[in-house]
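# Report on the structure
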Number of protein chains: 2
Amino acid sequence: MPKENTAPTMKDVAREAGVALGTVSKVVNGLPVGDSYRVRVEEAIRKLNYQVNSYAQGLKANKTYTVALLIPNTVDPFYAALTYHINIALLKRKYRMLLCATDFDPRQEQEYISMAQHNKVDGIIGLTYNPGLVVEENTPFIAIDRSMGPGIPCVACDNFAGGQLAAEKLADLGCKNVAFLRTGSALVNEPNKRKAGFETGCLTRGLSYEMKILDDADSFDEFEAFLADHIINGKLTFDGIFCVTDRLAYLILKVLRKLHQRVPEDVQLIGFDGIQSFGDIDYHCSTIVQPVPEIAEMCVELLLRENMLVKPPLVCLPVTYAYGGTTREKSEE
Amino acid sequence: MPKENTAPTMKDVAREAGVALGTVSKVVNGLPVGDSYRVRVEEAIRKLNYQVNSYAQGLKANKTYTVALLIPNTVDPFYAALTYHINIALLKRKYRMLLCATDFDPRQEQEYISMAQHNKVDGIIGLTYNPGLVVEENTPFIAIDRSMGPGIPCVACDNFAGGQLAAEKLADLGCKNVAFLRTGSALVNEPNKRKAGFETGCLTRGLSYEMKILDDADSFDEFEAFLADHIINGKLTFDGIFCVTDRLAYLILKVLRKLHQRVPEDVQLIGFDGIQSFGDIDYHCSTIVQPVPEIAEMCVELLLRENMLVKPPLVCLPVTYAYGGTTREKSEE
C-alpha cells in the first residue's frame, strides 16, 4: 500500500485552488495574502487533505513548529499539571510538543538543549534541578522555577508572596506561634523564596516562628523528632505550621496524627502547590495554589513571541489561598 | 552568533575518524560495521559533538525516530503514570515522544493519525474514547484499553482477572453480600470486562451481588440513592463494594461516611487502578493495581518491533491486589 506517493503536494493544492504556487506557500507559512485567495487555498487544503510537511519546512525555514518540554516526570501531580497545561498551550498554537521526562538525568537535559541549539526544535521549556546544566545565552529556553542564567527568562509563581500569604492566613486564623518546615534542593531557586516570604509575614503580623530546614539527603524522621521536641504536656507548642509543599504537608499530617495532635483543632496546617486528589477532586490540605495554567501560558508565550528586544529575566505570577480542611474556616473561629 | 554553520557534518566525522563517509553513515544508521571502525566513529562523534539530523534522516529513510502519544490528559493520575512510563520506554530506545493531550477532542486525534499515515511520526500509541476515530488497518498504532479495529494491537491490563480478583478478595475477607459500582464509557472497551470478571468471581465463591451501572451522563447522586436504599435499620446490607476505579472508590468513601457507614468495619471497599497520593506515597483505597510500567513497555515494544508477521490483537497483562486501608487485613479477621 503506497503512502507517500498518494499524498497531495503544494502543486496539487495550487491547481485545485486555481492560484499560483507562491500563493499556497504564503498561506501555508502564514504570510499576508488577499482574503479571497486564502479562503480558496484553505478550502483546497481541506478538500485534498493536504499535510504541510513540517520536517521539510523545518529544514528550509529553520522552523520545526516543535517545542521540547524537560520535566523530571509526570507522576508528581504538580509536574503532571504543568505538562498538561503547557501541552494544551502549545497545541492551541499549532505547535507540537516533545516530552522528555528527565528523571533528574543531566545527560538527557543537555541533549535536548543541544537539539535546540542545532534548530532541531524551536525551543525548550524546562524545569530542571541539574546544577551543571549549561544553557548558553540566547538559547530559546524558558526556565521554570529556577534561573538558568542571563538571557534565559524564568517563570514561576510568586513564591515570596505565597510564603507571606501563608503567614498572614495563619495569623488571621488566630495562630500565635508557628513553624516552617522545608525539604528540597539547596540550589538557588524560586521556591526557596517561600521561606523569606513566610518570615516577612510572621514579622509583620507579630507571629513568633521557628524554622526546620532539611536537605533532600536528610532523613524525614528529623521532622518527627523536631515536632516531638516541641510537645509539652502532650500539647504541641506550635498552633500553626507552614509546609513548603502539599506533599510535605500530607506527610506531616500523618506525623501529627501519630503524635496525637488534632488538625485543625490543635494545630493548623498550610501547604503549597494546590494539589488535588485525582487531579480535580479535593485539596489534600489548606494550601497556597500555584497558577499552573497561567504559568504554562506565560512560558509558551515568552518562548514563541518573536523579535522581543528585551526578555524579562523573571516573571512571577500571583498565587491564591484555598481551604482544604487543615485550617479552621473563618466561621469556625 | 552563527549556529548552523559551526555544526559538524558527517564528512567532518569521517575525516576525524579516518574512515570513509559510508562507514560513518552505517554506524549512524545502526548497520553492521567492524567493531574497530565503530569505536573510531563513535569517538569522533563524541569529540565533535556531532548531531544526527533526524529530520533530514527521516525524509531519506522514512523514519523520524519519533512516536506520538495520544492521551486525554496528564492530570488524571492513571494517564499521568502511563505518559511517564511510555516516555521513559521510548527515550531508553533513543526515540523522541510527541505528547498530544486530546481532552477527548476527536480532531486532534485524527490529525495525529494522519501524521502517522504520512510518515511524519513513526507511529502512535493512543488511549482514546472517540467512537468515530478511524484507524486504517496497518497504521502503526498501538491502542490502550480499547480495540481500534483489525490489525491494530490493543494493550491493557487483564481487566477480567482483576474483577475476578476483587470478588475473590472480598470473599476471602469474609464478605457475603457485595455490590459492583460503575461509571464510564458505554463504548466496548477492555475496562468494561471488570464487571464480567467480578460476576464470575462472585458466582464461583457463592457471593450474592448487585450491580449499579451509570453512564458518564448520569448523575453521581444516583449512587448515593442506591446505597441509601440498601440501608436497613441504619446498617448497609452490603458488606463489600467493588468500584470500577480508585477515583470512584474515593468518592464512594465520602458517600459512605455521609451515610454513617464505617469502612472497613461495616463495609469493605476495593477500587481499581492502583493510584497513589502524590504519585508514590500511599494508596487511596485497597485496590487492583494495573501494571503501568509493563503496559508502557509492551506498547513501545509492539510499536517499534519491525517485521512482525503476526501482530497480537489483544495483550492482557497481569494485575495484583494491594491493601490500602479500606479492607480488613488478614490478621484482623
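Residues numbered from 1 in each chain as written. Chains lettered and ligands numbered in written order. Predicted model: local features only at pLDDT ≥ 70, side-chain atom pairs only at ≥ 80, totals over all residues. Heavy atoms only, no water.

### Describing unusual backbone geometry
Note the following rule: Here a strand is any run of E in DSSP of at least two residues, a helix any run of H or I of at least four, and the numbering for each starts at the N terminus. In this scheme, a residue with accessible area under 20% of its type's maximum is buried, one over 50% is exposed, and one in between is partly exposed, where area comes from a 1.4 Å probe on protein chains only.
A cis geometry characterises the amide bond from Val263(A) onward to Pro264(A), with omega recorded as 5°. Relative to the helices and strands, Pro264(A) is located in the loop between helix 10 (246-258) and strand 11 (268-273). Residues other than glycine seldom take positive phi values, yet Asp273(B) does so here, at roughly 130°. Tracing the chain through its elements places Asp273(B) in strand 11 (residues 268-273). The exposure class of Asp273(B) is buried, given its relative accessible area of 10%.

### A short note on the side chain of Asn189(A)
Put simply, the rule reads: Side-chain atoms alone can form a polar contact between residues adjacent in sequence; in general such a contact is a pair of N or O atoms within 3.5 Å, and within protein one must be able to donate a hydrogen while the other accepts it.
Checked against the element boundaries, Asn189(A) lands in the loop between strand 6 (177-182) and helix 8 (193-204). A polar side-chain atom of Asn189(A) sits 2.9 Å from the main-chain amide nitrogen of Asn192(A).

### Notes on the relation of the copies chain B and chain A
Our working rule: Residues reaching a pLDDT of at least 70 in both copies supply the C-alpha atoms on which the copies are superposed by least squares.
Note on the copies: chain B fits chain A at an RMSD of 0.0 Å, the axial shift is 0.0 Å, and the rotation between them is 180°. Considering both components of the superposition, the chain copies are consistent with a two-fold axis. Taking the C-alpha atom as reference, chain B places Leu98(B) closest to the rotation axis, 2.2 Å from it.

### Some points on the domain arrangement of chain A
Residues and elements named next belong to chain A. Put simply, the test is: Just so you know, the domain bounds were taken from an automatic or database domain assignment. For this analysis, residues touch if any pair of their heavy atoms sits within 4.5 Å. Buried area: the sum, over both parts, of the accessible surface (1.4 Å probe) that disappears when the two are put together. For salt bridges, the criterion is a side-chain nitrogen of Lys or Arg within 4 Å of an Asp or Glu carboxyl oxygen.
Under the domain assignment, chain A is made up of domain 1 (10-52), domain 2 (66-157 + 293-317) and domain 3 (159-290). In this assembly, twelve residues from domain 2 lie in contact with eleven residues from domain 3. Buried surface at the junction of domain 2 and domain 3, both sides included, amounts to about 1,000 Å², of which 66% is carbon and sulfur. Remark: the boundary between domain 2 and domain 3 carries zero salt bridges. Taken together, the connections running from domain 2 to domain 3 amount to two residue pairs in polar contact (both at pLDDT 80 or more). Those elements giving two or more residues to the side of domain 2 that touches domain 3 turn out to be helix 5 (77-92), strand 5 (154-157) and strand 13 (314-317).

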